[in-house]
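Chain by chain, the residues run as shown.
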Protein chains: 6
Amino acid sequence: MATRRDGRGAEAIRPVQVQVGFHTMAEGSVLYRAGGTLVLVTASVDDTVPEFMRGAGRGWVTAEYQMHPRSNPVRRESREGRGKPLSGRSQEIQRLIGRSLRAALDLDRLGERTISIDADVLEADGGTRTASITGGWIALVAALDKLRTRGLLSGPVVRDQVAAVSAGHVGGELLLDLCYSEDSKARVDLSVVGTAPGRIVEVQGTAEGEAVERSEIDAMVELSLRGIAELVKLQSGALEQAGIDVAGLLVPRGGA
Amino acid sequence: MATRRDGRGAEAIRPVQVQVGFHTMAEGSVLYRAGGTLVLVTASVDDTVPEFMRGAGRGWVTAEYQMHPRSNPVRRESREGRGKPLSGRSQEIQRLIGRSLRAALDLDRLGERTISIDADVLEADGGTRTASITGGWIALVAALDKLRTRGLLSGPVVRDQVAAVSAGHVGGELLLDLCYSEDSKARVDLSVVGTAPGRIVEVQGTAEGEAVERSEIDAMVELSLRGIAELVKLQSGALEQAGIDVAGLLVPRGGA
Amino acid sequence: MATRRDGRGAEAIRPVQVQVGFHTMAEGSVLYRAGGTLVLVTASVDDTVPEFMRGAGRGWVTAEYQMHPRSNPVRRESREGRGKPLSGRSQEIQRLIGRSLRAALDLDRLGERTISIDADVLEADGGTRTASITGGWIALVAALDKLRTRGLLSGPVVRDQVAAVSAGHVGGELLLDLCYSEDSKARVDLSVVGTAPGRIVEVQGTAEGEAVERSEIDAMVELSLRGIAELVKLQSGALEQAGIDVAGLLVPRGGA
Amino acid sequence: MATRRDGRGAEAIRPVQVQVGFHTMAEGSVLYRAGGTLVLVTASVDDTVPEFMRGAGRGWVTAEYQMHPRSNPVRRESREGRGKPLSGRSQEIQRLIGRSLRAALDLDRLGERTISIDADVLEADGGTRTASITGGWIALVAALDKLRTRGLLSGPVVRDQVAAVSAGHVGGELLLDLCYSEDSKARVDLSVVGTAPGRIVEVQGTAEGEAVERSEIDAMVELSLRGIAELVKLQSGALEQAGIDVAGLLVPRGGA
Amino acid sequence: MATRRDGRGAEAIRPVQVQVGFHTMAEGSVLYRAGGTLVLVTASVDDTVPEFMRGAGRGWVTAEYQMHPRSNPVRRESREGRGKPLSGRSQEIQRLIGRSLRAALDLDRLGERTISIDADVLEADGGTRTASITGGWIALVAALDKLRTRGLLSGPVVRDQVAAVSAGHVGGELLLDLCYSEDSKARVDLSVVGTAPGRIVEVQGTAEGEAVERSEIDAMVELSLRGIAELVKLQSGALEQAGIDVAGLLVPRGGA
Amino acid sequence: MATRRDGRGAEAIRPVQVQVGFHTMAEGSVLYRAGGTLVLVTASVDDTVPEFMRGAGRGWVTAEYQMHPRSNPVRRESREGRGKPLSGRSQEIQRLIGRSLRAALDLDRLGERTISIDADVLEADGGTRTASITGGWIALVAALDKLRTRGLLSGPVVRDQVAAVSAGHVGGELLLDLCYSEDSKARVDLSVVGTAPGRIVEVQGTAEGEAVERSEIDAMVELSLRGIAELVKLQSGALEQAGIDVAGLLVPRGGA
């Protein structure tokens, strides 16, 4: 088995760097780097919810995702979405980020407030949606920690620790956490959004061309869950280093 | 195990009605009904390809998906996408339809032409994306048959017979082919786009709320593949009845 | 006098096929075919009226018209109005449909509700606006019949039976109910929206190029009114066959 | 028969004031006032035609129509069409102006150039579309005169002198050239675009509410043609006063 | 020192023609010509203010600026802002006009009403923004005079007489009130919005290319203020000729 | 004279932090902080120029400016410019940034290439336009340094060192480099874009309310130029620390 272009083994995730609190105005923020992908995620708290949810006492999490015009080796001709609709791809991704991070919370316990996640991809080398989710969970927790500190939470609200990664078949090999050049050659790729105890929030797999055997899908899910197990450790470490007590925000298992 | 509202068993697909050739201008068309969901799919052939593909000798399949303003029990306030961007949901779905039907073809054998799939959901009772794909494959084959009849195909171009269905966990039970009222209560739902021999083109599963065990995902994939096995028989029957020889359009296994 | 391409006489309308109730969710619907033109019209009832009419106790009828992207021999590059303004032509037509069907009703008797007409042209071979009006009246009555059945109408609300047709001068001959190839060669064409007793709701005549004598306009109005007399019989027959009692919905002459 | 609010008789047109050459940059221009309606019409000549007409040697006339935000007693909240689609009404009107003025010319004789008519309604008191056409014909001729003076026309190009006016039934009376307060009360109104010898370019009649007898339509056409006969004299007088020789631009009858 | 193309001296403003009351519906209006630049400015009074100002008892002045499609020697391909965003240049200018004319008033004394300035550039030969401001002040005062006449003002509301002009360095010479051909060759140009007693509301100077010495900026400000001194006399004269008593609208110095 | 809220003297600029090369894909980048304002500026080089400049052998600099949705204490409801026009304010600012940085270069020496400046305001506490220009010049030089290193520049191209700052009158005092709370209370504020030797590229001054004496404008220009003298030193220091040789990129005075 050959090593990969960046020296990683087939089943290794990319090196991750996390800077919690990079953006000082937002309640929570993280500058999240995974290999050549760099995402600024902010979590902003607003004390209202969308109109269709008013009065129900539940909270909401929403997300916006955007590529910086120079997030790629060549600058895009114009800023995505400026004066025109957001691309279908970006819409899909921001809907996925929102769903994934809503799954992380017990929205009833959050109370009637909205947390807005802004995932700005500053540099892109593959895996921007999974980096936005993994980093987004950190920013979300940092924002909740600020609410707790201000005495605005009546108890724990985080149901699950959520992270995401992708896997793919490239040239006959099963690889974890694809960078852009691998992703563009993959015969099939699959993203998993999962939790600390190895449960699944979302799975999306696509054969780029010919259909694949079910066993290949299974193997990719398996490998992705191993990657998520590593990522949740990195998330916890980064929050601990930033002095944020995650445990106190977690809803105890069995409690509702 | 209780029977479902419409009398089906938990593992049964909905009754399907197929009218091939409903729309007479399009090269291929089908009026596809699955339970309370009614989709008009047309397949239009154009002898050019998008600019980024010119000169490569390959074909392309693209899709547009749209909800009729009265496809739901209450009319929408305005036509989707009219004078404003298409919703994120519709964009996701039409991108999925396009990918799924491209997977069905050997695009090199299609030659430099584009087949445009228009999936107009006239009535919606859940499963509109899977109906669009299952019906779309029929319309696609009908259009290819017309090309063959006119002597415009040099040989078979269909790589796979493609159909799609969803499954979900509703109130503790695993159900196949969810209608709207089931879908809106599902704790987790999953769509599979698969092929006649049981391979997978695309899988998308989402926990609506709390994360789920991997074994639940596996069971839903399993059940969906059984549903797809039934749907491909219905597709073949409808095309046969319309006098279309599918076998002659299929690329023989092992051939490239 | 030569017969026409489709075998009709100069003063004959095209063969009409009417399927009442094709769309099951809408209160009223009709699949209306006139020659090669196929329109799906739905009538949806909503228990509110536009803001500028609130509290006046009057009802309203509004219309949306849209061409299916493959309603013509060649598929349009993109769906009309998607993400951009509706064409001027389509706007003109949907305004005309709305005005014409409002004229059919006694809006005071309708009560404060809106009936939305959706005219989707699935296949177009000329006369799509007149087909939308003639078919639209059928869908409108079917919807009102449903309201009556549910006990929601206090009495009759239909003031007039309304239908529409066009006439034109093509190559020296006066022809009724032009198909596309005739329409595109017409030196002058004119549409009339009229009622069962031969009154006029709307007349629109345009010389395509040089101006015409007033007598030509008069002859076209005359011929169109004869066509409308035939169409109203077809409308009545279709509704009767669908078990809908039109007479009971008609406001008696002299009554207000 | 009572006189009208502005002292006119039922069959009288409004006082017209014409200032040819108000706008000095445009090849042709007119500031046209009819009663309380004031329209600035410019005719701009461009030596190209729309792409679909290239190489055919024919000319084209196109029109844009716009209401000044303060053309009404109360200022509109925002400029029409600014950053959003033009209203359906304005689109209808500018399409009508374009068709009407194309009918005035022999486009083959114009040569491959486009004349753009800009009709800016500065003040509106009814009849803005007919004023735009009547004034537009003057601006068009002024522009053609400039082309002739510069030696750019090989011969006469004007096929017809075109003007327009409306008539309507208001409170039991048939009135010519309705002002806004009359128009808003009319039971039926009708516009005619006609030529100097009394031929018809376009007729549009609409019953506002209940359908009307054909004889009423006939009477309105008749009255409108009498109004047009007066307007063409006013057009000729204004051009003469501006030193423009209309006769020399008119294609002789019988000639092609 | 050579005279300029139009015979003016370097430090002379262009000939100005002012027609107060050209537009009769608007409370105030002026047709303002400065050399080859012609602007129609209307001032419309509305008895409400934007939502963010409600209840504060203060008035507001807002402006819209638009180029006529044929305001230049060649017609623009399409009307500015129609169905698309207004250009950045026009947005800048209309924001400038609004700020400048707000500075002219004591908004507290105006009361809770909005005056909307519409500056329509009919012909453009440079200096359209300064003409819009200078003419706009006249229209504004005419509108206020109408309010006073109707007894709707409790006292004087005009704080300053405001006018604007530009200066620039062209080919080594300092010129006042640049026309288009001068402006396009200027190495640096500067606009000043100033008041009757020589105070400054706004100054905007831009080096077109290389930076300039501060002394050059100073000289341009100086020259512009001399031009403004002339323009305020022309404004006063035009209003006097129109029978409007400006003095009675001016807030006395020292009074608040 | 009281010290300011952040302890600065009236004539002091805010503390500046500069991180050159923060963004690794862009040819040049800087993370620029001035007090509470944080801007990410990237400079991307493209080897083409806008169509209207092709073949002239000159280069171009263009700019896009955007506020992060959480750049303020409260998150904006939606991303600026997404699916709708950019605000007038942002358009003004990005036009100003482009003009200012074009003035910094000898575009003839740059050759036929475009440098795109992206100024993303991550946190905003006043002075975002001047920070974008001052930081933008650093990013621009870093990008040019990369071109030189790659041997793509034939000689020096930077004509001037450009920086920007604002001044204002707040509560009777003249203050330099206003933060948001000062800016919102200023009676008049003025921005200067200037060069290392104290020349002026652009000056924009606005009285917020009543007009001001010319001497006040003069004092603000004077103070701003002193601030610019400090900023150019900070720019040079930051580039030196990043190992970039600015001197070698500067066009020698007197040379052209």
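Residues numbered from 1 in each chain as written. Chains lettered and ligands numbered in written order. Predicted model: local features only at pLDDT ≥ 70, side-chain atom pairs only at ≥ 80, totals over all residues. Heavy atoms only, no water.

**Digging into the overall build of chain A**
No. 1: Scanning chain A from terminus to terminus reveals 5 helices and 9 strands.
No. 2: N-terminal to C-terminal, the α/β element order of chain A is β-β-β-β-α-α-β-α-β-β-α-β-β-α.
No. 3: Its C-alpha radius of gyration of 18 Å places chain A within 12% of the 18 Å reference for a compact globule of 256 residues.
No. 4: Each principal axis of the C-alpha distribution contributes one length, and for chain A these read about 55 × 45 × 35 Å. (Helix = DSSP H or I, 4+ residues; strand = E, 2+ residues; numbered from the N terminus. Rg over C-alpha atoms; globule rule 2.2 N^0.38 Å.)

**So, the relation of the copies chain F and chain E**
No. 1: Between chain F and chain E, the superposition needs a rotation of 180° and an axial shift of 0.0 Å, giving an RMSD of 0.0 Å. On this basis, the relationship between the two copies can be described by a two-fold rotation axis. No C-alpha of chain F lies nearer the rotation axis than that of Q204 of chain F, which sits 2.2 Å from it.
No. 2: By residue overlap, the copies meet face to face through one surface: 100% of the interface positions of chain F are interface positions in chain E. (Least-squares fit on C-alpha atoms with pLDDT ≥ 70 in both. Contact = heavy atoms within 4.5 Å.)

**With respect to the arrangement of the chains**
No. 1: There is a clear gap between chain B and chain F: no contact, and 8 Å between their nearest C-alpha atoms.
No. 2: With no contact formed, the shortest span from any C-alpha in chain D to any C-alpha in chain F equals 8 Å.

**With respect to the environment of R99 of chain D**
No. 1: Tracing the chain through its elements places R99 of chain D in helix α1 (residues 88–104).
No. 2: Measuring from C-alpha to C-alpha, the distance between R99 of chain D and T62 of chain D comes to 8.0 Å, with 37 residues separating the pair along the chain.

**A look at the pairing of strand β5 (residues 114–123) of chain D**
Residues and elements named next belong to chain D.
No. 1: Among the 10 residues that make up β5, 10 are buried, leaving the element largely enclosed by the rest of the structure.
No. 2: Bridge count for strand β4 (residues 60–67) against β5 is 8 bridges, and the pairing is parallel. When the sheet's bridge partners are listed, A63 is paired in β5 with I117. (Buried < 20%, exposed > 50% of the residue type's maximum accessible area, 1.4 Å probe, protein only. Pairing = 2+ DSSP bridges.)

**Regarding the side chain of Q235 of chain A**
No. 1: Within the secondary structure layout, Q235 of chain A lies in helix α5 (residues 214–241).
No. 2: Owing to a relative accessible area of 1%, Q235 of chain A belongs among the buried residues under this scheme.

**Brief notes about the sheet that holds strand β5 (residues 114–123) of chain E**
Residue and element names in this part refer to chain E.
No. 1: Pairing within the open sheet is mixed, and its 5 strands lie in the order β1-β2-β3-β5-β4. Every interior strand has two partners, whereas the edge strands, β1 (16–20) and β4 (60–67), have only one. Mean inter-strand twist for the sheet, computed between neighbouring axes without regard to direction, equals 15°.
No. 2: Here 7 bridges tie strand β2 (residues 28–34) to strand β3 (residues 37–46), and the two strands are oriented antiparallel to one another. Across the sheet, G28 pairs through a bridge with A43, a residue of β3.
No. 3: Here helix α1 (residues 88–104) sits on the sheet in contact with β4 and β5, set at roughly 145° to β4. (Axes fitted to C-alpha atoms, helices over the stretch in contact; angles between N-to-C directions.)

**Looking at the interface of chain F and chain E**
No. 1: On the side of chain E, 34 residues touch chain F, which itself brings 34 residues to the contact.
No. 2: Where chain F abuts chain E, roughly 3100 Å² becomes buried across the two surfaces, and 45% of that area is made up of carbon and sulfur atoms.
No. 3: Looking only at chain F, the three residues that lose the most surface to chain E are E92, R199 and R214 of chain F, adding up to 21% of its buried area.
No. 4: For the interface between chain F and chain E, the tally reads 6 salt bridges.
No. 5: Here R214 of chain E and E222 of chain F are joined by a salt bridge, their closest N and O atoms 2.5 Å apart.
No. 6: For the side of chain F that touches chain E, the secondary structure elements donating two or more residues are α1 (88–104), β9 (200–207) and α5 (214–241) of chain F.
No. 7: With 8 residues, β9 of chain F is the single largest residue contributor to the side of chain F that touches chain E.
No. 8: Here 5 bridges tie strand β9 (residues 200–207) of chain E to β9 of chain F, and the two strands are oriented antiparallel to one another. Paired with E202 of chain E across the two strands is T206 of chain F, which belongs to β9 of chain F. (Buried area = accessible area lost by both parts, 1.4 Å probe. Salt bridge = Lys/Arg side-chain N within 4 Å of Asp/Glu carboxyl O.)

**Observations regarding the packing of helix α1 (residues 88–104) of chain A against helix α1 (residues 88–104) of chain B**
No. 1: Where α1 of chain A contacts α1 of chain B, the two axes come as close as 9 Å, and the packing angle between them is 115°. One element, α1 of chain A, and the other, α1 of chain B, form an angle in the roughly perpendicular class. Relative to α1 of chain B, the crossing made by α1 of chain A is left-handed. In this structure, α1 of chain A uses G88, R89, Q91, E92, R95 and R99 of chain A to contact α1 of chain B, whose residues at the interface are G88, R89, Q91, E92 and R95 of chain B.
No. 2: Class assignment of the residues belonging to the contact of α1 of chain A with α1 of chain B gives a composition of no nonpolar, 4 polar and 7 charged. (Parallel < 35°, antiparallel > 145°, perpendicular 65-115°, else oblique. Left-handed = near helix turned anticlockwise from the far one by under 90°. Nonpolar A, V, L, I, M, F, W, Y, C, P; charged D, E, K, R; others polar.)

**Observations concerning the pattern of salt bridges**
No. 1: In this structure the tally under the stated criterion is 139 salt bridges over all chains.
No. 2: A salt bridge links E64 of chain A to R75 of chain F; its shortest N-O distance comes to 3.4 Å. Taken together, the residues E64 of chain A in strand β4 (residues 60–67) and R75 of chain F in the loop between β4 (60–67) and α1 connect one chain to another.
No. 3: Here R75 of chain F falls in the buried class, since its relative accessible area comes to 17%.
No. 4: In this structure, the salt-bridge partner of R79 of chain C is D118 of chain B, at a minimum N-O distance of 3.0 Å. Taken together, the positions of R79 of chain C in the loop between β4 (60–67) and α1 (88–104) and D118 of chain B in strand β5 (residues 114–123) put the pair across two chains.
No. 5: Where salt bridges share partners, they join R4, D6, R8, R14, D177 and E182 of chain A into one cluster.

**Comments concerning α1 of chain A**
No. 1: The end-to-end C-alpha distance of α1 of chain A, which contains 17 residues, comes to 25 Å, matching closely the 24 Å that a straight helix rising 1.5 Å per residue would cover.
No. 2: With 15 of 17 residues buried, α1 of chain A lies mostly within the body of the structure. (Expected span 1.5 Å × (residues − 1).)

**Quick look at the relation of the copies chain B and chain C**
No. 1: With an RMSD of 0.0 Å, the fit of chain B onto chain C corresponds to turning through 180° and sliding 0.0 Å along the axis.
No. 2: The residues that chain B uses at the interface reappear at the interface of chain C in 100% of cases, marking a shared surface.

**Side note on the interface of chain B and chain C**
No. 1: Contact with chain B, which involves 37 residues of that partner, is made by 37 residues of chain C.
No. 2: On the chain B side of the interface with chain C, the three residues burying the most area are M25, R70 and R82 of chain B, jointly 25% of the side's total.
No. 3: The interface formed by chain B and chain C holds 12 salt bridges in total.
No. 4: Residues R79 of chain C and D120 of chain B are paired through a salt bridge, measuring 2.6 Å at the closest nitrogen-oxygen approach.
No. 5: Put simply, chain B and chain C have 26 residue pairs in polar contact (both at pLDDT 80 or more) between them.
No. 6: When residues of the side of chain B that touches chain C are traced back to their parent elements, those giving at least two are β3 (37–46), β4 (60–67) and β5 of chain B.
No. 7: Split by residue class, the side of chain B that touches chain C holds 14 nonpolar, 13 polar and 10 charged. (Polar contact = N/O pair within 3.5 Å; in protein donor to acceptor, adjacent residues only side chain to side chain.)

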